[in-house]
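# Structural characterization, general
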Amino acid sequence: MNQSYKSVTDFIRDLYQEDGVIPLHEPKFIGNERLYLSTCLDSTYVSSIGKYVDKFERMIAEFTGAKYAVCTVNGTAALHTALRLVGVERDDEVITQPLSFVATCNAITYCGASPVFIDVDIDTLGMSPDSLLEFLSKRTVRTSNGCININSGKRISAVVPMHTFGHPCRIAEIAIICENFGLSLVEDAAESLGSTYQLKHTGLYSKVAALSFNGNKIITTGGGGMVITNDKDIAIRAKHITTTAKLDHPYEFFHNEIGYNYRLPNINAALGCAQVEVLPRLLDSKRFIAKKYAEFFEDTDFVFISEPKNSISNYWLNALILENRKQRDDFLNSLITSGIMVRPIWRLMNKLPMFKEFECCDLKNASWLEDRVVNLPSSAII
Ligand SMILES: *Cc1c(COP(=O)(O)O)cnc(C)c1O
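A few points on the structure. (Residues numbered from 1 in each chain as written. Predicted model: local features only at pLDDT ≥ 70, side-chain atom pairs only at ≥ 80, totals over all residues. Heavy atoms only, no water.)

## Overview of the nonpolar core
- Grouped together as the largest cluster of nonpolar side chains are 55 residues, with contacts concentrated most on Phe-56, Ile-60, Phe-165, Met-226 and Ile-228.
- Within the residue set of this core, elements represented by two or more residues are α2 (33–43), α3 (51–64), β1 (68–72), β10 (208–212), β11 (225–229), α9 (266–298), β14 (318–321) and α11 (364–372).
- Take this core: its biggest share by element is 9 residues, from α9.
- In this structure, Met-226 is in contact with Phe-56, Glu-57, Ile-60, Ala-69, Val-70, Cys-71, Thr-72, Ala-78, Ala-209, Ala-210, Leu-211 and Phe-213, ignoring residues within four places of it in sequence.
- Membership of the second largest hydrophobic core comes to 25 residues, among which are Ala-78, Leu-83, Ala-107 and Tyr-260. (Core = buried A, V, L, I, M, F, W, Y, C linked by side-chain atoms within 4.5 Å. Buried < 20%, exposed > 50% of the residue type's maximum accessible area, 1.4 Å probe, protein only. Helix = DSSP H or I, 4+ residues; strand = E, 2+ residues; numbered from the N terminus. Contact = heavy atoms within 4.5 Å.)

This is the structure we're talking about:
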């Protein structure tokens, strides 16, 4: 093996004190998980209602500082709900970043809208406010019907940035631009629970945001998500449409619009309550691991991605920038062969078959990163 890859392998084995396979990210059940799960089973309330759902919502609201939090069955459902609630309609366009997990774009298309792709910043890996401003100033007009894309004639209704690997993007600047152009902002905060920008939790720069608790995220409910907001009406609407839009009544079934069965089962919420309790410990460990990586890579030709300016990252997935695509592939092959589960950043969304016809701006930073970024093992060490 190439000598420098060998030293990375040795470093990671030493960090994790593990001779076998080292996963990219595994969940840690180190608190009350078993207790809450068995209490939930004993109560028989394992499904769509129960006290853990309410408790989990309160805990996430308190942790993030959001006034309201509403559970959903997964993060994609939370994003879909958030987009619906800010008024994304069929045939609208939604501006987003091409460098993201596929769920972001999927949720946009579930609304019948199409994504428009703008570039990211190299240091944050997230949406670039400069690209956003350039696109909006040069390629849109303001009309009584909203902000219209000159090229397609369609209404742009929302902007969806994503906090990649937990690193906050320049969200305050993005929020101001959206405000000036009359656009709704929805943060995809699926990866950034515990990350703040200028000391405010990610997700709270937008009227409504989505979190995910999938198995690979910083905390997990098996599968699950959450809508967070400071807006009471949005919170009430979120609960309503994610629970089949049923009106409260002692026995009648009356649903007043088409809703979704996006409820998080109580048993998943029970797991979530235990996970939020240990989240501060997980975050401490993540920060420790990131510091170790940063120190190690300082003396190498590889560039470790550290938290951006003005922000505190949860360091959900640690990431490295390699020299070019060839070195990236050699690195991935070499480490995976020796049992270290590294992986490349996602293929850009505008290159996937279902999204390739949608409008793109100059994506030079996103393309550059796509060729070079890899994720390193990042499980908390507890
Ligand atoms: C994980 C994730 C989601 C939501 O995923 P679910 O698996 O549906 O919970 C959305 N966006 C991004 C960027 C993600 O990483």
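## A few points about the site of the ligand
- Around the ligand lies a shell of 15 residues, among which Gly-75, Thr-76, Glu-191, Ser-212 and Lys-217 are the nearest.
- At a separation of 2.7 Å, an oxygen atom of the ligand approaches a polar backbone atom of Gly-75.
- Residue Thr-76 places a side-chain N or O atom 2.5 Å away from an oxygen atom belonging to the ligand.
- Relative to its unbound accessible area of 380 Å², the ligand is 92% covered by the protein chains.
- Breaking the shell around the ligand down by element, the ones donating at least two residues are α4 (75–85) and α5 (103–110).
- Looking at the shell around the ligand residue by residue, the class counts come to 4 nonpolar, 8 polar and 3 charged. (Near = heavy atom within 4 Å. Polar contact = N/O pair within 3.5 Å; in protein donor to acceptor, adjacent residues only side chain to side chain. Areas by Shrake-Rupley, 256 points an atom, 1.4 Å probe, with all protein chains shown as cover. Nonpolar A, V, L, I, M, F, W, Y, C, P; charged D, E, K, R; others polar.)

## Brief notes about the environment of Cys-105
- Residue position: Cys-105 is located in helix α5.
- According to the relative accessible area criterion, Cys-105 is buried, its value standing at 1%.
- Leaving out residues up to four positions away in the same chain, Cys-105 has contacts with Thr-96, Pro-115, Phe-117, Met-349 and Phe-355.

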